[in-house]
Structures are given as C-alpha cells and as structure tokens.
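Letter by letter, the chains look like this.
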Amino acid sequence: MAVADAQFPPPKVLTYPASAPPSLITQGAEGRLYKTTHLVPGRPCALKYRPPKPYRHPTLDARLTKARISSEAKVLERCWREGVPVPAVYAMDPAAGWMMMEWIEGIPVRVGINEWLGERPEDGAEISSSSQETDQTPLVDLMKRIGTAIGALHKTGVVHGDLTTSNMMLRPTRGGQVDGCAGDEDKARVVEGDVVLIDFGLATQSMADEDRAVDLYVLERAFASTHPRAEKLFAAVLQSYKETFKKAPSVLIKLEDVRMRGRKRSMLG
Amino acid sequence: MALERLDLEHLPAACQVYAAFFRDVSNAEFLHAQLLSRNGEFEYAFIDASSVISRLHLLSAIYSAVNVLLDGALRTPNVHSEIVVSLNTNNNIADAYRRWGITPGKTKDLIVVKVVAPPSGAQEEPPTPIQTQQAIWDHLTQHVQGIPKPLTDAELARAIDWPKVRKYYRLNGVPALERVADEQERWRQSERLAIMGMALRGL
C-alpha cells in the first residue's frame, strides 16, 4: 500500500476500496496530491487533500480549509467554462478538505524545457532566439502556447498566483503530430503538446492590471531561475500574451513597474 | 436480470449500489405516490432519465450522495432522495425533485437506483425488508410497468432531452462548448460541465 504510510495518513475518502491503491504524487506546504480513480477504474483523477493543521485552532482550521478548497474549485470551474486549459473538477468535499480533479497526462513544462535544453550541444552557453532561429522553433512555439494560456486565463478575470513552469503541464495532443519534419522530430517531442495550467491553490479572481502583472513577473522570475539558458525566449511568452489578451498592453506597462520594485507593492501604507 | 450492481471506486465494501433502467414507464403516478406516502418498501431513487446525460453523470450523483450518507450529513429523508438532490447544481431540494425526480404525467423513462448500506447512525430508519439483488429486482419488475433496458450511455442517449439538460446545467452560451465541433466531444464536455456543476453545488 503506497499510502499506508504512518507519517501521512490518507484522507478518509481514500481508505475505502478501489481498483488500485492511490499513490502520493507530491507533498506541498498546504496539501498533498494523490493519483487515484474517479467512480470507475478507467478514469484516473488527481485528489488534492488539505490535511487538518494541528497548530491551528480547529474551528479556524476547518474554515480556512473549506474556504480554500471551495475557492480553488470555483476558479477551476470558471476557467473551464471559458475554455481556459485547466483540469476539470470531478468531485469535492470542502469540509473534509479534498477535491478530485481531472488527471492531466504528460509532463510538467519545466521537465520538457529542461530536456530540450539538455540536448543542446553547447552546455552552459546562453541561447537566444536570434542566433539559432530554426533550431529553437519548437521551444519558441511552446513559449507562445504558454503566453496564450496565460492570456486566456487573465481574460476570464482569474490570476493564478503561483505561475511557474512546474505548474503547467504538457498534455500530449490527441492523434499525434501531423507534419513530418524528420530528424528533429524526436527532439521536438519533449516540448510538444497542449499547455494545461494546474495548481490553482493560490489563485484569486481579479481584473486588476497590478495582479496580472505580478502573475507575469512571478513567472518571469521563476523562468529565469529554472531555465537560465532560455531566459531570452521569455519575450515570446509576452508576445503571444499580448496577441491573446486585449488588455495586455496596460498589464505589460505595469509589468515594467513591478520589475523595478519587485512583487510586493510599496510598504508605505 | 437487468438490475445491475454498480461497483464505485472509493466506497465501503458493505455499501452496495444497484441500478436499473426502464423505458416507457406507464405508472409514474403510482410510483410517485409511493414516494410521497413514504412507503418504506419503495426506498429507491427514481430518476427521470430525460435529464441524465450519461452513466458517469449518474454515478457522480450516487457517489456524492453516498458520501453524504457516510458523513451522516443527509439533508433529505434518505440516501435515495439525496441522489436526486445531488444531481442539482444548487441547494433547492424541491427544484431537484421536480427536475430530476419522477414526475407524474411527464416521466416516461426511469432510472431506478437502490443503495443498500449498513445502518450506521442512529438517525437511520430501520433497514428495509428487501436486501438481495434478486429480491430488489423482483420487487421492481412487480411494480414498475416499463421495458427494462441496459443502463448504457447508448440507451440513455435515446431518452435525453437536451434543451432541458442545457438549461438545468447552464450549458447554453458556454465558450468551452461552443468551440467544439465534434458531437461526441461536445457530449463529453457537457458531461464534464454537469459533473462539475454538481460538485460545486451551492458554491
């Protein structure tokens, strides 16, 4: 039993029999993510569980857990209805602190980019979109898809709150690739697929340029530290963001301000 | 026997769920009256199949209702009425009965669900006399006047009333649906939206 770990007792909902034992995928500061099944054996799902915090007053703890699960589900539903690529919500019990979501196949964008960069011959050297235009096309394409996804997200009035390349999945496209540019095909495969945004645990509903700009800034910083060699390509994200989202220009102006002062707003007040 | 035993993931083994599907039911009035009179022998979820999208959609409602039962947090008389209420996207119980429950004069195609759960809490009513799959089926065939059909997506698709479903689950004008051209895919997405709406009930 993968979950019968005494250190991490699974939520009650996972103690009942299922076709396959749930497996703990990851553990965050606030919650845990299990892979399990929804209703029928052939329907994989992700179960996010926020265990009770012993250091909090029980009443407050229950209220916070419930509010956070509910707000995450609400944001996901809103995004999903609007066609933003996010996992669908399957079932939830906010009082018990769990939510089942669609399981997104594929790898995190972070892994895809690193695999792509790992194959580059000149290790350590910074790459730029201009010097090796043709070579970097698949990666630039991925950046554009990221920008499009974020643009669509912001358009619905949601800010993610924790945009990183780990919080985006590369879901394999159904039916596979059509065009046959041989040779580079295998290499390009690691950055292929639909970008799906995940982990809306810190997401909020906001239409403010400030919040949107901070969202982009957080990703920009995360990107620069996770993939320093591809830092220059980040411009492609902003470019397609601008093409997807009508109100992008004012957000990008705000982004300049945020870059100057950092994520936190002035502490004067 | 067309009474199917449903094995849902993440439910206690002691909890058994059975379901059957009848088409062209002619005695909806009688069945409805049994529910109104709280006849203990008719502890079933009678669901109007015209507002059910798919098997998975139905299973979602059952799963959520049984979870509520296990938590001892029923807001309706029993787990069967809770299944009907679970199909709703808001907390209006009367509304849910009207939309998804059996309606005299309207319901033609009927899904019947029976949950046999061990009496857990004190608030449980005494266990109903009929317990085994064969006994449930005998009782149903004796009282439901309709044509038994397998509970499959294909059969359910013949009974569905799309305008109604679209209204109940607010599927009109949803961008995620409008951009889908393929009919099969659209059906899948509608199912997802319905399940999501149910999961977020009352939020």
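Model, not experiment: these values are computed from the prediction.

Cut-offs used in this document
- Residues numbered from 1 in each chain as written.
- Chains lettered and ligands numbered in written order.
- Predicted model: local features only at pLDDT ≥ 70, side-chain atom pairs only at ≥ 80, totals over all residues.
- Heavy atoms only, no water.
- Buried < 20%, exposed > 50% of the residue type's maximum accessible area, 1.4 Å probe, protein only.
- Helix = DSSP H or I, 4+ residues; strand = E, 2+ residues; numbered from the N terminus.
- Pairing = 2+ DSSP bridges.
- Contact = heavy atoms within 4.5 Å.
- Buried area = accessible area lost by both parts, 1.4 Å probe.
- Salt bridge = Lys/Arg side-chain N within 4 Å of Asp/Glu carboxyl O.
- Polar contact = N/O pair within 3.5 Å; in protein donor to acceptor, adjacent residues only side chain to side chain.
- Nonpolar A, V, L, I, M, F, W, Y, C, P; charged D, E, K, R; others polar.

> Requested: an account of the pairing of strand S2 (residues 16-23) of chain B, with residues and values cited.
Residues and elements named next belong to chain B. Burial within S2 is extensive, with seven of its eight residues counted as buried. Note: strand S1 (residues 4-6) against S2, three bridges, orientation antiparallel. Bridge pairing links Leu 6 to Val 17 in S2. Pairing geometry for S2 and strand S4 (residues 110-116), over seven bridges, is antiparallel. Its bridge partner lying in S4, Phe 21 is registered against Ile 111. Bridging between S2 and strand S5 (residues 147-149) involves three bridges; their strand directions are antiparallel. Paired with Phe 21 across the two strands is Lys 149, which belongs to S5.

> Please give an account of the interface of chain B and chain A that cites residues and values.
In this complex, chain B contributes 30 residues to the contact, which on the side of chain A involves 32 residues. Buried surface at the junction of chain B and chain A, summed over both partners, amounts to about 2800 Å²; 60% is from carbon and sulfur atoms. Interface area lost by chain B to chain A is led by B:Glu9, B:His10 and B:Met196, which between them contribute 27%. Linking chain B to chain A there are two salt bridges. Linking A:Glu102 and B:Arg192 is a salt bridge whose minimum nitrogen-to-oxygen distance equals 3.0 Å. Counting across the chain B and chain A interface gives ten residue pairs in polar contact (both at pLDDT 80 or more). Secondary structure elements with two or more residues in the side of chain B that touches chain A: helix H2 (55-70), helix H8 (175-178) and helix H9 (183-199) of chain B. At eight residues, the largest contribution of residues to the side of chain B that touches chain A is made by H9(B). Class assignment for the residues of the side of chain B that touches chain A results in 18 nonpolar, five polar and seven charged.

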